2 protein chains.
Amino acid sequence: MARPTPISGFPEWLPHERMIEQHILDTIRNTFELHGFAPVETRAVEPLDQLLRKGETDKEIYVLRRLQAEEDDSEESVGLGLHFDLTVPFARYVLENAGKLQFPLRRYQIQKVWRGERPQEGRFREFYQADIDVIGKDRLPFHYEVEMPLVVADALARLPIPPIRIQANNRKIAEGFYRGLGIEDVTGVLRAVDKLDKIGPEQVHTLLVEQIGCTDEQARACLALARISAEDGSFADRVHELGAKDELLDEGLEELTRVVEAAREHAPGLLVADLRIARGLDYYTGTVYETQLRGHESLGSICSGGRYDNLASTEDETYPGVGISIGVTRLVSRLLGQNLLTVSRKVPTCVLVALPNEEARADCYRIAAALRRRGIAAEVAPEAVKYGKQIRFAERRGIPYVWFPQGESGGQEVRDIRSGEQRPADPDTWTPPAEDLYPLVTATGQ
Amino acid sequence: MARPTPISGFPEWLPHERMIEQHILDTIRNTFELHGFAPVETRAVEPLDQLLRKGETDKEIYVLRRLQAEEDDSEESVGLGLHFDLTVPFARYVLENAGKLQFPLRRYQIQKVWRGERPQEGRFREFYQADIDVIGKDRLPFHYEVEMPLVVADALARLPIPPIRIQANNRKIAEGFYRGLGIEDVTGVLRAVDKLDKIGPEQVHTLLVEQIGCTDEQARACLALARISAEDGSFADRVHELGAKDELLDEGLEELTRVVEAAREHAPGLLVADLRIARGLDYYTGTVYETQLRGHESLGSICSGGRYDNLASTEDETYPGVGISIGVTRLVSRLLGQNLLTVSRKVPTCVLVALPNEEARADCYRIAAALRRRGIAAEVAPEAVKYGKQIRFAERRGIPYVWFPQGESGGQEVRDIRSGEQRPADPDTWTPPAEDLYPLVTATGQ
């Protein structure tokens with residue numbers, strides 16, 4: 001066959017790059033578990049009607065069909081598509097298993113999702129999301145909306161990456177404000193304002209007046225609201241100065257103030273109230289979040305989410321929730337693409353056991369097994385070639401140690417191939433320095 | 001919406017079951033890394049022509065289509081399908097990245113795969129595979145065929161599950177033997193003998209005579225070969241007694257003897273030479289493996305693979321490999337379905353910080369953060385209800401410790417809710433016993 005070529009939008013990494021991605025995924029998962037989130041994994045597919053239920057996402061869905069499906073195959077009539085996020089599948093999972101789950105449920109979910117969008121920088125057709133959500137039965141205390149951004153901030157702070165800046169808003173502020181101004185088509189205004197980044201304030205103004213039917217004054221006020229941002233509670237005063245009065249608005253302002261103040265205590269500069277943040281999806285009802293990687297704002301949000309009250313509900317039951325999702329692949333592709341992270345070696349192996357001759361292979365296996373029993377990753381050289389060649393095998397992969405079953409002393413010896421230092425060693429007791437035990441991921445140049 | 005129901009063939013687990021699956025996946029991955037395998041992850045999709053290239057798998061493939069794809073959308077003409085295993089995608093990956101990889105390449109890959117087969121016990125439409133492969137450039141030493149089964153045996157031996165029994169064969173034995181008998185349609189005989197389990201020896205005999213054109217004597221010899229199995233090298237003598245002579249046969253017998261003897265030294269009873277094992281896929285050329293979970297033989301093989309010489313090759317280059325794949329979901333579904341494994345709690349949380357009143361929440365966050373900084377998973381109670389109710393919240397989830405910011409002594413105290421013992425504690429120094437730090441997965445009843 002001819003040499004295959006990549007498929008646009010479906011990123012793949014070299015093994016050492018995948019080690020970096022794994023480290024990021026592991027750190028995120030470990031942080032989620034430290035915060036008491038339990039794991040859930042849902043199937044990759046959902047019935048199409050589920051996927052089309054919420055949001056403006058129908059154009060992005062990959063539909064499945066069995067290659068040999070028969071026309072009259074009734075089970076195919078269900079219509080399955082690949083999930084495009086982890087929130088809609090989780091809401092379905094909660095309804096399906098409600099009787100067996102305990103609420104409030106703290107769950108994390110780290111999986112790939114698929115969207116048939118046109119690929120571009122930071123936008124993929126297959127990508128990892130790492131989500132946390134807390135879902136309650138019938139009700140969910142507000143304080144979880146304060147907690148969510150602090151958990152992802154903890155996760156990302158443990159990685160050797162630039163700091164993040166979370167932007168928070170509250171749907172109640174915009175809704176209450178628009179109503180306070182006497183505007184009825186709240187969703188229409190939200191959608192128009194959500195286009196600010198794409199089309200600019202003048203065109204949004206035009207949209208608001210011509211399509212939504214706002215007065216010039218209303219449109220100006222909506223745009224003024226979207227311009228407000230602050231790292232502390234002062235944003236509330238600036239909203240009040242715009243004159244709109246509404247109970248829902250006051251509730252939203254109070255909630256957002258609590259989010260901002262708590263984040264400020266947690267880590268100053270971490271979170272800013274930004275009343276421009278709308279989030280495209282329809283299902284949010286309270287706090288919403290977006291996140292910038294500082295110095296990489298052009299990448300778009302790497303971590304988004306919000307409060308949703310009506311996503312998981314049957315006629316009898318309702319399960320309000322709040323969640324936030326890290327766009328892992330968007331983050332990783334930027335970090336790898338700009339060579340911002342380095343891994344200390346290209347394989348997990350800490351020790352290469354050199355092979356004096358092919359007959360010694362079983363002995364070498366035993367040495368490697370002894371090292372592994374104590375958690376030291378080891379492999380045996382592929383061939384009994386000259387030692388110089390075996391050392392180069394290790395060097396090319398960044399394996400720090402080569403073990404000689406018969407060293408110059410006649411007994412076993414281990415060599416640090418970076419320093420060249422070689423000394424007698426026993427595979428049942430020798431231990432490498434902690435920084436050599438596992439591959440280390442660090443910021444490049446540090 | 002109505003309460004959703006499961007989709008047959010797409011298994012999902014409750015959070016505590018997913019914790020068990022995670023533990024199994026983590027143990028397998030950790031073992032692979034200890035053996036020096038580097039991670040690779042490939043996209044979920046492959047071009048259809050790649051998927052249809054090898055083996056009899058066309059009927060099992062899920063084809064993708066964008067819901068809003070336009071008729072004349074040229075990029076759709078590629079035709080993408082979900083991968084049905086991890087070997088074919090890895091072979092493609094090796095060819096695509098050959099210039100950037102170092103050979104021999106030891107890689108592991110743990111991902112879901114999809115097959116549109118009719119679901120039944122142990123057979124799913126979406127399932128996890130955990131693969132290791134070693135791939136060489138131009139050539140691959142035989143000893144890797146000896147090593148592969150020992151690695152997966154190490155991984156599974158670290159889990160609290162019944163012991164396994166690996167069955168090994170070598171394609172060269174059957175091919176050489178059939179040729180030695182004067183049979184030309186070697187593939188035809190392989191396919192017929194592969195049906196032994198399904199249709200029995202008499203019908204295979206009929207197939208061999210009527211479809212493949214074997215003589216009665218040839219058919220008997222083929223069936224006699226398939227009946228041979230042994231835990232040591234004695235199988236070779238029994239093959240020689242059947243009379244066929246062929247160079248390839250001798251090579252296969254010698255190779256299989258080395259596989260059997262090495263496994264016997266590693267763990268007696270672990271591996272048996274079983275000349276009935278054929279593996280359905282066409283691409284194997286040397287050793288092949290299947291694996292039974294003892295006491296659960298009806299489940300089918302939970303770990304299969306083999307040597308392939310021609311899977312990854314262009315006109316100029318060839319990358320022979322050997323690999324083995326653990327059918328994780330098949331294994332997990334049996335272990336969960338028969339309740340063979342237990343996890344010590346239903347959430348990762350080790351400590352629930354009790355909430356005396358809502359005003360104390362920030363203080364409680366600080367206590368939880370102090371515990372987390374030292375790797376102790378902690379969460380704060382959802383509501384400032386009576387302590388008895390907060391303790392029951394922990395009990396229902398199996399959280400072993402409840403932390404009281406103001407205990408009976410007036411200072412902080414921690415209570416082991418299993419023993420009821422409560423004593424003063426400092427979140428900056430207190431450490432739980434090692435067995436309580438993480439959820440423990442054990443065999444049920446032990």
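Residues numbered from 1 in each chain as written. Chains lettered and ligands numbered in written order. Predicted model: local features only at pLDDT ≥ 70, side-chain atom pairs only at ≥ 80, totals over all residues. Heavy atoms only, no water.

Peer 1: I'd love a proper account of helix α3 (residues 87–97) of chain A, names of residues and values included.
Peer 2: When you tally the buried positions in α3(A), you get 11 out of 11 residues, the bulk of the element. Among the residues of α3(A), A:T87, A:V88, A:P89, A:F90, A:A91, A:R92, A:Y93, A:V94, A:L95, A:E96 and A:N97 are the ones counted as buried. (Buried < 20%, exposed > 50% of the residue type's maximum accessible area, 1.4 Å probe, protein only. Helix = DSSP H or I, 4+ residues; strand = E, 2+ residues; numbered from the N terminus.)

Peer 1: Give me the lowdown on the UniProt feature "binding site: L-histidine" (unreviewed entry) in chain A, citing residues and values where you can.
Peer 2: All names here are of chain A. As annotated by UniProt and renumbered to match this structure, "binding site: L-histidine" (unreviewed entry) occupies D85, L86, T87, R115, Q129, D133, R279, Y283 and Y284. By secondary structure assignment, the location of Q129 is in strand β6 (residues 126–135). Contacts of Q129, omitting those with residues within four sequence positions, involve D85, L86, Q109, I110, Q111, V113, R115, S325, I326 and V328. D133 gets classed as buried once you look at its relative accessible area, which sits at 1%. Apart from residues lying up to four places away in sequence, D133 is in contact with F37, F90, L105, R106, R107, Y308, V322 and G323. Looking at D133, its side chain comes within polar contact range of the side chain of R107, at 2.8 Å. (UniProt positions renumbered as here; feature names shortened; annotations may be inferred. Contact = heavy atoms within 4.5 Å. Polar contact = N/O pair within 3.5 Å; in protein donor to acceptor, adjacent residues only side chain to side chain.)

Peer 1: Describe the sheet that holds strand β16 (residues 401–404) of chain B, and please don't skip the residues or the numbers.
Peer 2: Residue and element names in this part refer to chain B. Read from one edge to the other, the open sheet built from 5 strands follows the order β15-β14-β16-β17-β18, with strand pairing classed as mixed. Pairing within the sheet leaves two strands with one partner each, and these edge strands are β15 (378–380) and β18 (422–424). Put simply, the sheet's adjacent strands are angled 25 degrees from each other on average, direction ignored. Relative to strand β17 (residues 413–416), β16 runs antiparallel, the two sharing 4 bridges. Paired with F404 across the strands is E413, a residue of β17. Each of β14 (351–353), β15, β16 and β17 touches helix α13 (residues 387–397); the most contacted strand, β16, lies at about 150 degrees to it. (Pairing = 2+ DSSP bridges. Axes fitted to C-alpha atoms, helices over the stretch in contact; angles between N-to-C directions.)

Peer 1: Explain the packing of helix α4 (residues 143–157) of chain B against helix α10 (residues 247–266) of chain B to me, using residue names and the numbers behind them.
Peer 2: All names here are of chain B. In contact at an axis separation of 9 Å, α4 and α10 are set at 30 degrees when each is read in the N-to-C sense. By the angle between their axes, α4 is roughly parallel relative to α10. The handedness of the crossing between α4 and α10 comes out as right-handed. Between α4, through E145, V146, L150 and D154, and α10, the contact on the second element is made entirely by E255, R258, V259, A262, A263 and H266. Taken together, the residues that form the contact of α4 with α10 break down as 5 nonpolar, 1 polar and 4 charged. (Parallel < 35°, antiparallel > 145°, perpendicular 65-115°, else oblique. Left-handed = near helix turned anticlockwise from the far one by under 90°. Nonpolar A, V, L, I, M, F, W, Y, C, P; charged D, E, K, R; others polar.)

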